[in-house]
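A structural walkthrough
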Amino acid sequence: MTTRRTMLRAGAAATVAVAAATNAATPAVAAPATPPEGAAFQSALDRLAGTVASGVLAEVRDPRWVWRGSSGVRELGTSKPVVPTGRFRVGSVTKSFVATVVLQLAAERRLGLDDPLRRWLPGGLPGGDRVTLRHLLQHTSGIFNYTDVLEELYPAVADLVRIRYRTWSPREILGLIAGRPSLFDPGTSWSYSNTNYILLGLVVERVTGRTYADEIRRRILQPLRLRDAELPGADPHIRGPHSHGYLPDVRDGAVVPVDITDFNPSIAGAAGAMLSGAGDLNRFYGALNAGRLVHEPLLTEMRTSFPDAGYGLGLQTETLPNGVTLWGHTGGIFGYVTYSFSTADGRRQLSLSANPWGDGDPGSALLDLLTAAFPAPEGTAPRAAAPTRIRNLDRREG
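Residues numbered from 1 in each chain as written. Predicted model: local features only at pLDDT ≥ 70, side-chain atom pairs only at ≥ 80, totals over all residues. Heavy atoms only, no water.

Things to note about the overall build of the protein
Of regular secondary structure, the protein possesses 13 helices and 10 strands. Here the protein holds 398 residues, and the buried ones make up 60% of them. Long-range contacts, defined here as pairs at least 24 residues apart, represent 74% of the contacts in the protein between residues at least 6 apart. About 15200 Å² of surface is accessible on the protein, with carbon and sulfur atoms providing 52% of the total. (Helix = DSSP H or I, 4+ residues; strand = E, 2+ residues; numbered from the N terminus. Buried < 20%, exposed > 50% of the residue type's maximum accessible area, 1.4 Å probe, protein only. Contact = heavy atoms within 4.5 Å. Areas by Shrake-Rupley, 256 points an atom, 1.4 Å probe, with all protein chains shown as cover.)

Pasting the structure below:
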């Protein structure tokens, strides 16, 4: 789900002033064991809360220990600390859950990854005979991204506030791209499109007779006992401890925060509507990468990236400057951004949620956090061309 392009950009001076007045670092909550890198983890969170977020939380999970921490405040204008075990909107991390269900259905031979879309959704989309389920999973379909249309229709914060409680059906969402031409022939290029996963949600419903949300609950949440992860449907509220999300609005020349915590997530659907806590995301990606949810050879297919895209079938990959390769997904939705990654063997995971507020650059602090969380094995050489930032596929700046 695409976040607003202005979220971290508008009104630098006023934004930083508000953030500086309200951010207060909070110590990490005690965990079952304390890793030696704990101070580095906390330092990175404090830097994020001091520059680009009103509040941030993270969990790093290893077979030997679990570290949880937070920084900043859970509501601007207060001194309430962020709850490290709080829940948040995960945005496009939802896509990995949907993709896992589709791969499980492929393992059961109830569908094929190279089935044309038209087989399951006849008349659902022009050109559906050439677009396959694999194309949808990997964002190589060329189908127009519906959230780009939303930005055209609702360009101002006031527009989003006005529709915050509207319920959207998948068919209404697909109607937004009616008449929009394909970006390229299927399979020939790569372009991130939330529309792909709205369609996959409908395919899951057609194949199983149950909604994608029911299938995620039945196949993933219940077996893994993920109690904080939730498919909220049209419920606009976040139950339990949570931090507030904001959008920046300019009024009388000053940047002011608009609380967008409550809104109807049906606008994101199978592309990004989920809620979770950091612990549940870590358990999910740990189980997935360890082969407990999708077995070989389909897990290998899931982790086969399109050239130069760093994206497989519902999984994003990043390689850190120290040479460690991670698998997971990033997410963004109004007021919330998420980073959730695991090592390829599923043994260590990190999940982070932040509430964007500020005009700084999260790049160095985020890279420092990930590098501390995922140290290179002894003898591993650093990458010759190290990345300067970790991509968040839901955020586009510039």
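A short note on the pattern of salt bridges
The tally for this structure, following the rule as stated, stands at 24 salt bridges. One salt bridge connects E215 with R218, and the closest N-O pair in it is separated by 3.1 Å. Remark: R218 and E215 occur in helix α10 (residues 212–224); sequence separation between them is three residues, near one turn of the helix. According to the relative accessible area criterion, E215 is buried, its value standing at 0%. The network of salt bridges with shared partners includes E108, R110, R210, E215, R218 and R219. (Salt bridge = Lys/Arg side-chain N within 4 Å of Asp/Glu carboxyl O.)

What about the nonpolar core?
Grouped together as the largest cluster of nonpolar side chains are 88 residues, with contacts concentrated most on F97, L111, L137, Y212, I220 and M302. The residues contacting L111, other than those within four sequence positions of it, are V102, L105, A106, W120, L133, V203 and V207. Core analysis: the second largest hydrophobic core is formed by 30 residues, L45, A58, V60 and A373 among them. (Core = buried A, V, L, I, M, F, W, Y, C linked by side-chain atoms within 4.5 Å.)

A few points about the sheet that holds strand β7 (residues 316–319)
The six strands are arranged β2-β1-β10-β9-β8-β7 in an open sheet whose pairing can be described as antiparallel. Since the sheet does not close on itself, it has two edges, and those belong to β2 (65–72) and β7, each with one partner. Put simply, the sheet's adjacent strands are angled 20 degrees from each other on average, direction ignored. The sheet contact formed by strand β1 (residues 53–62) and strand β10 (residues 349–356) spans eight bridges and is antiparallel. (Pairing = 2+ DSSP bridges. Axes fitted to C-alpha atoms, helices over the stretch in contact; angles between N-to-C directions.)

Topic: the pairing of β10
Burial analysis of β10 places eight of its eight residues in the buried class, which makes it a mostly covered element. Where strand β9 (residues 336–343) lies against β10, six bridges are found, and the strand directions are antiparallel. Note on β10: the bridge partner recorded for V337 is A354. Remark: five residues form the turn of the hairpin made by β9 and β10, two consecutive strands paired antiparallel; G346 in that turn has positive phi of roughly 75 degrees.

A short note on the environment of G179
Along the polypeptide, G179 turns up in the loop between α8 (170–175) and α9 (195–208). It is 9.9 Å that separates the C-alpha atoms of G179 and F144, two residues lying 35 residues apart in sequence.

Quick look at the packing of helix α3 (residues 94–107) against helix α11 (residues 278–289)
Relative to each other, α3 and α11 sit at 35 degrees, their axes nearing to 12 Å. The handedness of the crossing between α3 and α11 comes out as left-handed. Residue-level contacts link S96, F97 and T100 of α3 to L281, F284, Y285 and L288 of α11. By residue class, the composition of the contact of α3 with α11 is five nonpolar, two polar and no charged. (Left-handed = near helix turned anticlockwise from the far one by under 90°. Nonpolar A, V, L, I, M, F, W, Y, C, P; charged D, E, K, R; others polar.)

Considering helix α13 (residues 363–373)
Burial runs high along α13: eight of the 11 residues are buried. Burial in α13 covers these residues: G363, A365, L366, L367, L369, L370, A372 and A373. At its buried positions, α13 is contacted by α2 (38–51), β1, β8 (325–333), β9 and β10.

With respect to the confidence of the model for the protein
Summary statistics for the protein give a mean pLDDT of 90 and a share of 89% for residues scoring 70 or more. Predicted confidence is poor over residues 2–32, with pLDDT under 50, and the contacts of this stretch with residues over four places away or in other chains come to 90 contacts. (pLDDT = per-residue confidence, 0-100.)

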